[in-house]
Amino acid sequence: MTKTITFNELRRIKDSLPDGTSHRIADELGVSVETVRNYFGGQNYEEGKSCGIHIEPGPDGGLVVLDDTSILERALEILDENRVSVAPEA
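Not measured: the values here are computed from a predicted model.

(A) Structural view of the pattern of salt bridges. A complete count under the given rule lists eight salt bridges for this structure. Several salt bridges converge on common partners, so that one network encompasses Arg24, Glu28, Arg74, Glu77 and Glu81.

(B) Expanded view of the nonpolar core. Judged by nonpolar contacts, the single largest core of 18 residues is most densely connected at Tyr39, Phe40 and Leu66. Residue assignment for this core shows that the elements contributing at least two residues are helix H1 (7-16), helix H2 (21-29), helix H3 (33-39), strand S3 (63-66) and helix H4 (70-81). Among the elements that make up this core, the one with the highest residue count is H4 (five residues). Setting aside residues no more than four positions away along its own chain, Phe40 makes contact with Leu10, Arg11, Ile13, Lys14, Leu17, Ile71 and Ala75.

(C) Here's a closer look at the pairing of strand S2 (residues 53-56). Bridge count between S2 and S3: four bridges; the pairing is antiparallel. Bridging from a neighbouring strand, His54 pairs with Val65 of S3. Where S2 folds back on S3, the antiparallel hairpin that results is connected by six residues, among which Asp60 adopts a positive phi of roughly 60 degrees.

So, how was this worked out
- Residues numbered from 1 in each chain as written.
- Predicted model: local features only at pLDDT ≥ 70, side-chain atom pairs only at ≥ 80, totals over all residues.
- Heavy atoms only, no water.
- Salt bridge = Lys/Arg side-chain N within 4 Å of Asp/Glu carboxyl O.
- Core = buried A, V, L, I, M, F, W, Y, C linked by side-chain atoms within 4.5 Å.
- Buried < 20%, exposed > 50% of the residue type's maximum accessible area, 1.4 Å probe, protein only.
- Helix = DSSP H or I, 4+ residues; strand = E, 2+ residues; numbered from the N terminus.
- Contact = heavy atoms within 4.5 Å.
- Pairing = 2+ DSSP bridges.

The following block contains the structure:
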């Protein structure tokens, strides 16, 4: 299942996650922590893998098409567990 969101929205989600979440998601999904970081906009492809994100120029940092939403879904579940709101910037 694909999903399209803005790059800034993806970064807000990442920035709202509790410390250690990248490691937790990596362990739970069986991927490297660098792959999780790449998913949220990192660019370390020596240690991590590309994870099916495509960024196109546009407003709010551009549009991001996610081919695989499993990392995003797990991040949102963790935010919900911690009841963290991801409010857009004013």
